[in-house]
Amino acid sequence: EEQLHRIANLPKVELHTHFEGCAPPVFIRGLAAEKKIDISKAFKADGSYAYRDFVHFLEVYEAATSVLKTPEDFARLCTAVLEQSAENGVIYQETFLSPDFCGGGDVAAWREYLHAIQEAASVAERAHGIVLRGIVTPIRHFGPDKAKRTALCAAETAGDWIVGLGMGGDENKGKQRDFAYAFDMAREAGLRLTTHAGEWRGPEEVRDAVNDLRVERIGHGVRAIYDLATVDMLAEREITLEVCPGSNVFLGVFPSLDQHPIDQLRRRGVKVTVSTDDPPFFHTTMRDEYVNLAKTFGWDEAILTDINKTAAGAAFCDQTTRDAIL
Ligand code: ES4
Ligand code: ZN
């Protein structure tokens, strides 16, 4: 009991969140009402997000995101998100941001959205001590051409705050290598790289992410467990997995947390970290993730502290920021 309480209250480093996916449903419904946009189909009667499966989730996600119009809307979202994260003990968070939703891929517009978000983030940092950094996200099912525009936005704004490029979206569309141009452009601009792989597809997709895009982290990567040679490759190359156990269980990637491979991956030497992905969509929080992992796998405070150190070590921020977090 005492131990679980301490675990719940640990300071947490979270590497994998989607910015709009952190929006509380009440926030999105409020904005929809203000703007007289009808997105009632995106919600269940109890007010939570409504979707049938992952592809439908992506559609509902885009519907919810469609009420976020101006830089000011995104600034308000930032304030709401960081308040929630700080409440859950998160001290450092990386979040995927898409120029496709912020100015439609236009660099000048993207700069304005980014400016508004960053300003709200610094206010939250002073108020709650939480540090936010952005990873620009090409959306896989929008295709390679949009990904190039996205990477250009990323390259143009690379720096202390925009620290990486990380592809999300529907893993069943196309191949990782279709996006190599975008990832090369980002690498040349000094950005760090991650991509979603091995959430819906298997070990081959995880190997493609490492070999074709040369990423140093992978979003999810958990289906690598079906090929131990791939697991060992991840361990040997010290690739960090951004594991989102609650998301995986909610979406049915694994039937339950006790059948989730995070503990096996960790024991076999893979650098695993813990994140929420899209907390209100998957009815989770960082506090819940930690408590559930402790209960299910018997992870103690030492293991979870170690996981936070791994996450801090794999964070894309500069060394000064990293030294301040753990
Ligand atoms: C995602 Cl594009 C996108 N947005 C939110 N969550 C996601 N998971 C995978 N891709
Ligand atoms: Zn994700």
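In this text, all values refer to a predicted model and were calculated from it rather than measured experimentally.

About the criteria used
Residues numbered from 1 in each chain as written. Chains lettered and ligands numbered in written order. Predicted model: local features only at pLDDT ≥ 70, side-chain atom pairs only at ≥ 80, totals over all residues. Helix = DSSP H or I, 4+ residues; strand = E, 2+ residues; numbered from the N terminus. Rg over C-alpha atoms; globule rule 2.2 N^0.38 Å. Buried ≥ 20, exposed ≤ 12 C-beta atoms within 10 Å, placed from the backbone. Contact = placed C-beta atoms within 7 Å. Pairing = 2+ DSSP bridges. Axes fitted to C-alpha atoms, helices over the stretch in contact; angles between N-to-C directions. Near = placed C-beta within 6 Å. Nonpolar A, V, L, I, M, F, W, Y, C, P; charged D, E, K, R; others polar. Right-handed = clockwise from strand over helix to strand, strands pointing away. Domains from an automatic or database assignment. Parallel < 35°, antiparallel > 145°, perpendicular 65-115°, else oblique. Left-handed = near helix turned anticlockwise from the far one by under 90°. Arc of directions from axis to C-beta.

1. Concerning the overall build of the chain
When helices and strands are tallied, the chain shows 14 helices and 8 strands. The C-alpha atoms of the chain give a radius of gyration of 18 Å, which matches the 20 Å a tight globule of 326 residues would have. Each principal axis of the C-alpha distribution contributes one length, and for the chain these read about 50 × 45 × 40 Å. Buried positions account for 48% of the 326 residues belonging to the chain. Across the chain, contacts joining residues at least 24 apart in sequence account for 74% of those joining residues at least 6 apart.

2. Regarding the sheet that holds strand E8 (residues 271-274)
Within a sheet, each strand pairs with its neighbour through backbone hydrogen bonds, oriented either parallel or antiparallel. Pairing within the open sheet is parallel, and its 8 strands lie in the order E1-E2-E3-E4-E5-E6-E7-E8. The open sheet has two edge strands, strand E1 (12-18) and E8, and neither has a second partner. Across the sheet, the mean angle from the axis of one strand to that of its neighbour is 25 degrees, orientation sign disregarded. The pairing of strand E5 (residues 192-197) with strand E6 (residues 217-220) spans 4 bridges and is classified as parallel. Pairing of His196 across the sheet is with Gly219, part of E6. Helix H6 (residues 144-157) rests against strand E3 (131-136) and strand E4 (162-167) of the sheet, and its axis sits at about 165 degrees to E4.

3. Some points on the site of ligand 1
Surrounding ligand 1, one finds His18, Gly21, Tyr61, Ile139, Gly168, Gly169, His196 and Asp278. Its residues assigned to classes, the shell around ligand 1 comprises 2 nonpolar, 5 polar and 1 charged.

4. As for the pairing of strand E2 (residues 90-97)
Remember that side chains alternate between the two faces of the sheet whenever the strand is regular. Most of E2 sits out of view: 8 of its 8 residues are buried. Sheet topology places E1 next to E2; 5 bridges connect them, and they run parallel. Within E2, the residue paired with His18 across the bridge is Phe96. Pairing of E2 with E3, which is carried by 6 bridges, proceeds in the parallel orientation. The residue of E3 that forms the bridge with Thr95 is Gly134. Once you follow E2 into helix H5 (residues 107-128) and on to E3, the crossover reads as right-handed.

5. Digging into unusual backbone geometry
We note that Lys36 has phi near 50 degrees; this positive angle belongs to a residue other than glycine. Along the polypeptide, Lys36 turns up in the loop between helix H2 (25-34) and helix H3 (54-65). Judged by the 6 C-beta atoms lying within 10 Å of it, Lys36 is exposed. Look at Asp277: it is not a glycine, yet its phi comes out positive at around 75 degrees.

6. Thoughts on the environment of Asp212
Secondary-structure assignment places Asp212 in helix H8 (residues 203-212). Taking the C-alpha atoms as reference points, Asp212 and Glu156, 56 residues apart in sequence, are found 23 Å from one another. Setting aside chain neighbours within four positions, we find Asp212 in contact with Gln176, Arg177 and Ala180.

7. Overview of the domain arrangement of the chain
Structurally, the chain comprises domain 1 (2-23 + 72-325) and domain 2 (24-67). Distance from the C-alpha centre of domain 1 to the C-alpha centre of domain 2: 22 Å. Each partner contributes residues to the interface: domain 1 has 14 residues there, and domain 2 has 13 residues. Classifying every residue of the side of domain 1 that touches domain 2 by side-chain character gives 8 nonpolar, 3 polar and 3 charged.

8. Observations regarding the environment of Met233
Position of Met233 relative to the elements: it lies in helix H9 (residues 228-236). When the 18 C-beta atoms within 10 Å are taken as the criterion, Met233 is described as partly exposed. In the structure, Met233 is positioned 37 residues away from Val270 in sequence and 9.0 Å away in space, judged by C-alpha atoms.

9. Regarding the packing of helix H4 (residues 71-87) against H5
In contact at an axis separation of 8 Å, H4 and H5 are set at 30 degrees when each is read in the N-to-C sense. The angle between H4 and H5 places the two elements in the roughly parallel class. Viewed along their axes, H4 and H5 form a crossing whose handedness is right-handed. Each of Pro71, Glu72, Phe74, Ala75, Cys78, Thr79, Leu82, Glu83 and Ala86 in H4 lies in contact with H5, whose residues at this interface are Glu112, Tyr113, His115, Ala116, Ile117, Glu119, Ala120, Ala121, Ala124 and His128.

10. Here's the deal with H8
Residues of H8 that are buried: Pro203, Glu205, Val206, Ala209 and Val210. For H8, the arc enclosing every buried residue in end-on projection is 165 degrees, short of the 170-degree limit, so these residues lie on one face. Among the structural elements, E5, E6 and H9 are those in contact with the buried residues of H8. Looking one or two residues past H8, Arg214 carries a phi angle of roughly 55 degrees, positive in sign.

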